[in-house]
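What the coordinates show
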Amino acid sequence: MYHWSAPLDLTDGPAAWHGIACGVTFTVRAPWADTPEPVRTAVAEALGASIVGHVDLHGGMSPGPAAGLWLGDGRQVFVKAVSADVRAHNHAMIRQESAILDVLPASVPAPRRLATVVHGPWIAMATTWADGATAGSWTDASIAAVAGACRAASGHRAPGLLPPVAQRVFDFDGWVRVQAIGAGDDWEAAHAGPAAEVVAGWERWTAGDALVHRDVRLDNTAVGAEGRSAVLLDWAYAAAGARWIDLAQLAADVVATGHVLGPRVAADRAYRLLRTLPPAASRFVVGLAGMWCIRAATVRHAVMPEIATWRRARTVALRPLVTRLIADLRDPPAG
Ligand SMILES: Nc1ncnc2c1ncn2[C@@H]1O[C@H](COP(=O)(O)OP(=O)(O)OP(=O)(O)O)[C@@H](O)[C@H]1O
Ligand SMILES: [Mg+2]
């Protein structure tokens, strides 16, 4: 068993830079109380305080536990853990996120890492607690708060440790591959070709030196109770790239996750946000839709079989917006 407080070398472990880009909120996470006792003790020792209470959290896609811990010294902290025997990918992601949190400037709206513990196949990371709730759907207030957090993050130059975002963008050749395997329905038959054209060259037009979170989703945010500020959570995919990427991902998630006022309002808010960004942001949304489309069609998960249904629902939800964005990119609207 060991735990570390010094910055980690992100180059260790071949699995460290691989993985899927998006998650879900339906995975049943293991309860914190089922984490082996030596792991929980090691977390307490690394934090320098006893654990006197906890609450299990249910967001995200990892099968490992996530919990709020109350410590004997009065602090509340966040912890997530996983055994590599359950899912090696998530183990690598916690290791990767530990290293990333250590190099984020203090002015980035992110939790601070407090401890990371490795015990046998287990890894656990504790961070500062992010106050705030995440409802099941976006609201205008939470969109504004998270957009503010995205702008605050991307106002920073990416720390040198982070890779180019092209290494954190997966399956953006989705629409090309949909054409190759055969469109799943009429919409795909009509749109996969134009969509593929729009996304072409993504390695070039996503490049930049801004800090990019790269996995902005409602369940990866904590919006303050007053609805005016937000913290971005779950930094395992952070990268260096174009400044607008997290806002584009936010726009896509507003549609894919949904707005309390329904799908038309979600599409309207996403479109309005994209109109404030360079055209490349719209191309990025089209690329995300292609990523979800090809993954839903071709990737089966043994640990998370429901993920294909979730990806399919996201790409279908994005269709009206994608149709409009492709038309705009071909024939830009005035103003
Ligand atoms: N610092 C924090 N303070 C409070 N709650 C948090 C914090 N970090 C995460 N959470 C909550 O715990 C959930 C799981 O955490 P996180 O997203 O970091 O891990 P994950 O689910 O394993 O990652 P992924 O979503 O990629 O599977 C989040 O959806 C969020 O609701
Ligand atoms: Mg998450």
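These numbers come from a predicted model, not from an experiment.

Here we take up the overall build of the protein chain. Secondary structure assignment for the protein chain yields eleven helices and ten strands. The C-alpha radius of gyration computed for the protein chain amounts to 20 Å, which stays within 12% of the reference 20 Å derived for 335 residues, consistent with globular compactness. Seen along its three principal axes, the alpha-carbon backbone of the protein chain occupies a region of about 60 × 40 × 35 Å.

When its domains are assigned, the protein chain resolves into domain 1 (2–128) and domain 2 (140–330). Summarising the inter-unit geometry, the C-alpha centres of domain 1 and domain 2 are found 25 Å apart. Tallying the contact residues gives 28 residues for domain 1 and 29 residues for domain 2. Of the residues contributing to the side of domain 1 that touches domain 2, the split by class is 20 nonpolar, six polar and two charged.

Given a rise of 1.5 Å per residue, twelve residues ought to cover 16 Å, and the 17 Å separating the end C-alpha atoms of helix H11 (residues 319–330) matches this to within 8%. In this structure, the buried residues of H11 make contact with helix H5 (186–199), helix H7 (245–257), helix H8 (263–275) and helix H9 (279–298).

The next subject is the nonpolar core. Ranked by internal contacts, the top residues of the largest apolar core, which has 100 residues, are Val43, Ala124, Ala248, Ala251, Val255, Ala270 and Val285. It is H9 that contributes the most residues to this core, eleven residues altogether. Domain assignment of the residues forming this core places at least three in each of domain 1 (2–128) and domain 2 (140–330).

So, about the pairing of strand E3 (residues 66–71). Here five bridges tie strand E2 (residues 51–56) to E3, and the two strands are oriented antiparallel to one another. Following the sheet pairing, His54 is matched in E3 by Leu69. Two successive antiparallel strands, E3 and strand E4 (residues 76–83), enclose a turn made up of four residues, where Gly74 displays a positive phi of approximately 95°.

What counts, and at which threshold
Residues numbered from 1 in each chain as written. Chains lettered and ligands numbered in written order. Predicted model: local features only at pLDDT ≥ 70, side-chain atom pairs only at ≥ 80, totals over all residues. Helix = DSSP H or I, 4+ residues; strand = E, 2+ residues; numbered from the N terminus. Rg over C-alpha atoms; globule rule 2.2 N^0.38 Å. Domains from an automatic or database assignment. Contact = placed C-beta atoms within 7 Å. Nonpolar A, V, L, I, M, F, W, Y, C, P; charged D, E, K, R; others polar. Expected span 1.5 Å × (residues − 1). Core = buried A, V, L, I, M, F, W, Y, C linked by C-beta atoms within 7 Å. Buried ≥ 20, exposed ≤ 12 C-beta atoms within 10 Å, placed from the backbone. Pairing = 2+ DSSP bridges.

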